[in-house]
Amino acid sequence: MCRTLLCALLLTAIAAAQSPKYKLGRPATPADTSAVDSFVSPGGKGLPPGRGSASEGRAIYERRCARCHGPDGKGKEEAALVGGQGTLATPKPLKTVGSYWPYATTLFDYIHRAMPFDNPGLLTRDQEYAVAALILHWNGIIGEHDVMDAATLAKVKMPNRDGFTADPRPDTGPTARKEARK
Amino acid sequence: MRSTWKQRLAAIDRRGFLATAGLSAACSQKGEQAADEEPPSQLGAQVSAYGERSPYETAKRLVPDLKRPQIGSTTTPLADTEGILTPSSLHFERHHAGVPPIDPARHTLLIHGMVDRPTVFTLDELKRLPSVSRIHFIECSGNSGREWKAPGAGDVQRGFGLASCSEWTGVPVSLLLEEAGLRRDAKWVLAEGADACKLFRSLPLDKLLRDALVVYAQNGEAIRPSQGYPLRLLVPGFEGNTNVKWLRQLKVVDEPYMAKDETSKYTDLMPDGKARIFTFVMDAKSVITHPSGGRKLSGPGFHEIRGLAWSGRGRIETVEVSTDGGKRWKASMLQEPRLPMAFTRFRMAWEWDGQPVELMSRAIDETGYAQPSREDLAAARGLQSSYHYTGIKAWRITASGEVHSV
């Protein structure tokens, strides 16, 4: 009896939680969602169709990327994309895609959403995959002719994949967690 | 020397305040008759549609020389603010791809992903929903970041100005997600802005359900374009970058998506080469804003020590002040109300004897967290972490009253 009543109450509560209370806003259509949803998960969910290799990426990199990131990705006006592996624990750490970024999907996602800086959205998906491949290749992570696409990119294991730890704070003073103490 | 009424009026006129020739002419006639006396009351400036501050007030955000002025930050002149609110016009800026020009009639917020009813809200619809106003600070996690490399930010603005505090009005994220039918297996939310780089962050769902807001107003008016007009995500106590401006979508997901701004940036590199990720909360911090670096005390005698304290973990419980370089500490007076995750103003009466002295402040929040020294921070994290610097700041006052950074 009690159980039935509980079930009924629970169902009512769920039904209440499931229906909108204020009935404002309109249902989003697939077009609404696809217009803005370009998110790429670290496992590769959301990667668009397209393909490219480092060798195919050179020409577009020289035209659209080298001005800021240097002819070899080692930085110019903007941050270095290449190099720095082995420096993170030194007094002069160099944080690049190759030395620091934990996921290759982030590289594609950022190129796709924000590059080139003064004209994001200019590149085709193939060009975006190719430029991502070139930067990975320059960092010694993939071969010059390895094709990056929705299937292969997420499988790339970045050198610093395991280089990140959860927030242990507070790590100083009277409330410092034990695990954060040295 | 006391300036005459005529001289002061002329000064205002030069600044273009009173452009009306008739009024100036009338005043100058009277001024010629009795230059050193207060004249009878005169009509002042005319009414105006949108207020301006006095031309005598010149506090500004510090705009650095940037190779690309669309990327970068400006800092709040905290030493020139009183109380706990930052004027919207002086709220610090940090843009990653410029300020987008957004027509509010065309801007919408899409809520989708792990929800039963993906929904599009117009701005008008969001404003019809039950609203709340709260006072919260926003602090860039890079605030005071240069202190890691070399301590000694010359003044409050340069060292602490990537923090500001406003009253924000909007809709709880929890309400919006419930309207859209939040699924129980959801864990994270991706919040994306409509700027050119479409900046996004992954945020833990439990925090957003607890106290985050989608805000459309700041200090009683629409959010300024540089603060996210027309919509901004407000995540109380979390690092500034998570308070996504020009908010256009919230996608509910089951894992963090490892955005560029939560992996390559805004992560804290430790001496062993590992980096801390998702270090969201801004720990307790304080700074004496008066007297402070770059200023000068007019002479020995009474001065009120004033400053600001804040914590991303809750309310400020105590702010201790030392006037002897950290040997002895005394609790300051805290201005009420002390709000969680908001600036708290502290004050202490002080007689300066004219001798060189070192002033410091130390905040303790309601969780018992005590603001550490730079040495404590360095011992725990090394000096390469770039972000989340909270070390105690000291100001040294010379016998001539000049205030310098220690």
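Counting restarts for each chain, with residues numbered from 1 along the sequence as it is written. Each chain takes a letter, starting from A, and each ligand takes a number, starting from 1, following the order in which they are written. Predicted model: local features are reported for residues with pLDDT of at least 70 only, side-chain atom pairs are reported and counted for 80 or more only, and whole-chain, interface and lining totals are derived from all residues.

**Here we look at the overall build of chain B**
Step number 1: Counting its regular elements, chain B contains nine helices and 23 strands.
Step number 2: Of all 406 residues assigned to chain B, the portion counted as buried reaches 48%.
Step number 3: A pair of residues counts as a contact when their C-beta atoms, built from backbone coordinates, are separated by no more than 7 Å. A separation threshold of at least 6 residues defines the contact pool for chain B, and within that pool the share at least 24 residues apart is 71%. Helix and strand definitions here come from DSSP, where helices need a minimum of 4 consecutive H or I residues and strands a minimum of 2 consecutive E residues; each element is numbered from the N-terminal end. Burial is judged by counting the other C-beta atoms within 10 Å of a residue's own C-beta: 20 or more makes it buried, 12 or fewer makes it exposed, and any count in between marks it as partly exposed, with every C-beta position built from the backbone.

**A short note on helix H6 (residues 125-138) of chain A**
Residue and element names in this part refer to chain A.
Step number 1: In this analysis, the expected span of each helix is defined as 1.5 Å times one less than the number of residues it contains. For H6, which comprises 14 residues, the first-to-last C-alpha distance of 20 Å matches the rise-based estimate of 20 Å (1.5 Å per residue) to within 8%.
Step number 2: The buried count for H6 comes to twelve of 14 residues, which makes it a mostly enclosed element.
Step number 3: Along H6, the positions that sit buried rather than exposed are Gln 127, Glu 128, Tyr 129, Ala 130, Val 131, Ala 132, Ala 133, Leu 134, Ile 135, Leu 136, His 137 and Trp 138.
Step number 4: Check the buried side of H6 and you find it contacts strand S2 (51-53), helix H3 (54-64), helix H5 (104-114) and strand S3 (147-149).
Step number 5: In the stretch just after H6, Gly 140 is the one whose phi turns positive, near 75°.

**Observations regarding the environment of A:Ser34**
Residues and elements named next belong to chain A.
Step number 1: Mapping Ser 34 onto the fold places it in helix H2 (residues 30-36).
Step number 2: Residue classification places Ser 34 among the exposed residues on the basis of 9 C-beta atoms within 10 Å.
Step number 3: For the pair formed by Ser 34 and Ala 166, sequence separation is 132 residues and the distance between their alpha carbons is 33 Å.

**Some thoughts on the interface of chain B and chain A**
For interface size, the figure often reported is the accessible area lost on association.
Step number 1: In this assembly, 53 residues from chain B lie in contact with 46 residues from chain A.
Step number 2: Secondary structure elements with two or more residues in the side of chain B that touches chain A: strand S3 (108-113), strand S4 (119-122), helix H3 (123-128), helix H6 (173-179), strand S12 (247-253), helix H8 (260-263), strand S14 (275-276) and helix H9 (374-381) of chain B.
Step number 3: When residues in the side of chain B that touches chain A are grouped by element, the largest group, five residues, is from H9(B).
Step number 4: Tallied by class, the residues present in the side of chain B that touches chain A amount to 23 nonpolar, twelve polar and 18 charged.
Step number 5: Each pair of strands is called paired provided DSSP finds at least two bridges between the two strands. Where strand S4 (residues 164-165) of chain A meets S14(B), two bridges bridge the pair, whose relative direction is parallel. Note that in S14(B) the partner of A:Thr165 across the bridge is B:Arg276. Any residue outside Ala, Val, Leu, Ile, Met, Phe, Trp, Tyr, Cys, Pro, Asp, Glu, Lys and Arg is labelled polar, Gly included; the first ten of those are nonpolar and the last four are charged.

**A closer look at the sheet that holds strand S17 (residues 316-322) of chain B**
All names here are of chain B.
Step number 1: Sheet architecture is open: five strands sit in the order S18-S17-S21-S22-S23, paired in antiparallel fashion. The sheet terminates laterally at strand S18 (330-331) and strand S23 (403-405), the two strands that pair on one side only.
Step number 2: The pairing of S17 with strand S21 (residues 357-365) spans six bridges and is classified as antiparallel. Counted as the bridge partner of Thr 318 is Ile 364 from S21.

**Observations concerning the packing of H5(A) against H6(A)**
Residue and element names in this part refer to chain A.
Step number 1: Axis geometry follows a simple rule: fit a line to the C-alpha atoms, using only the stretch in contact for helices, then measure angles between N-to-C directions, giving values from 0 to 180 degrees. Relative to each other, H5 and H6 sit at 135°, their axes nearing to 9 Å. Classified by the angle between their axes, H5 and H6 sit oblique to one another. Between H5 and H6 lies a crossing of right-handed hand. Contact with H5, carried on its side by Ala 104, Leu 107, Phe 108, Ile 111 and His 112, involves Glu 128, Tyr 129, Val 131, Ala 132, Ile 135 and Leu 136 of H6 and no other residues of that element.
Step number 2: Class assignment for the residues of the contact of H5 with H6 results in nine nonpolar, one polar and one charged. For classification, angles of less than 35 degrees are called roughly parallel, those exceeding 145 degrees roughly antiparallel, those between 65 and 115 degrees roughly perpendicular, and all remaining angles oblique. It is the rotation of the near helix from the far one that decides the hand of a crossing: anticlockwise by less than a right angle makes it left-handed, clockwise makes it right-handed.

**A word on the pairing of strand S9 (residues 213-218) of chain B**
All names here are of chain B.
Step number 1: Taking burial as the measure, the six residues of S9 include five buried ones, the bulk of the element.
Step number 2: Where S9 and strand S11 (residues 232-234) come together, three bridges link them in antiparallel fashion. What sits directly across from Val 215, in S11, is Arg 232.
Step number 3: Counting the residues between successive antiparallel strands, the hairpin from S9 to strand S10 (residues 221-222) contains two residues, one of them, Asn 219, with a positive phi of roughly 50°.

**Section: the sheet that holds strand S19 (residues 333-334) of chain B**
All names here are of chain B.
Step number 1: On the basis of which strands lie adjacent, the open sheet formed by four strands has the order S15-S16-S20-S19 and antiparallel pairing. Two strands bound the open sheet, and with one partner strand each, they are strand S15 (285-290) and S19.
Step number 2: Pairing of strand S16 (residues 301-310) with strand S20 (residues 344-352) involves nine bridges; the strand directions are antiparallel. What sits directly across from Glu 304, in S20, is Ala 349.

**What about the confidence of the model for chain B?**
Step number 1: The predictor's confidence in any single residue is recorded as pLDDT, a number from 0 to 100. Per-residue pLDDT for chain B has a mean of 93; in total, 91% of the residues score no lower than 70.
Step number 2: In the predicted structure, residues 14-32 of chain B sits below a pLDDT of 50 and forms 16 contacts with residues beyond four places in sequence or in another chain.

**Focus on unusual backbone geometry**
Step number 1: Backbone torsion omega between A:Arg169 and A:Pro170 reads 0°, so that peptide bond is classified as cis.
Step number 2: Summarising the element assignment, A:Pro170 is placed in the segment after S4.
Step number 3: With omega at -5°, the peptide bond leading from B:Glu336 into B:Pro337 counts as cis.
Step number 4: By secondary structure assignment, the location of B:Pro337 is in the loop between S19 and S20.
Step number 5: In this structure, B:Met258 is a non-glycine residue whose phi angle is positive, near 60°.
Step number 6: Position of B:Met258 among the secondary structure elements: in the loop between S12 and H8.
Step number 7: Owing to 20 C-beta atoms within 10 Å, B:Met258 belongs among the buried residues under this scheme.
Step number 8: Backbone geometry places B:Phe278, a non-glycine residue, at a positive phi of 60°.
Step number 9: Considering the arrangement of structural elements, one finds B:Phe278 in the loop between S14 and S15.

**Examining the pairing of S4(B)**
Step number 1: Burial of the side chains of S4(B) is restricted to one face: B:Thr119 and B:Phe121 are buried, whereas none of B:Val120 and B:Thr122 on the reverse face is.
Step number 2: Here strand S1 (residues 26-27) of chain A pairs with S4(B) via two bridges, running antiparallel. Paired with A:Arg26 across the two strands is B:Val120, which belongs to S4(B).
Step number 3: As paired elements, S3(B) and S4(B) share four bridges and run antiparallel to each other. Bridging across to S4(B), B:Thr108 finds its partner in B:Thr122.

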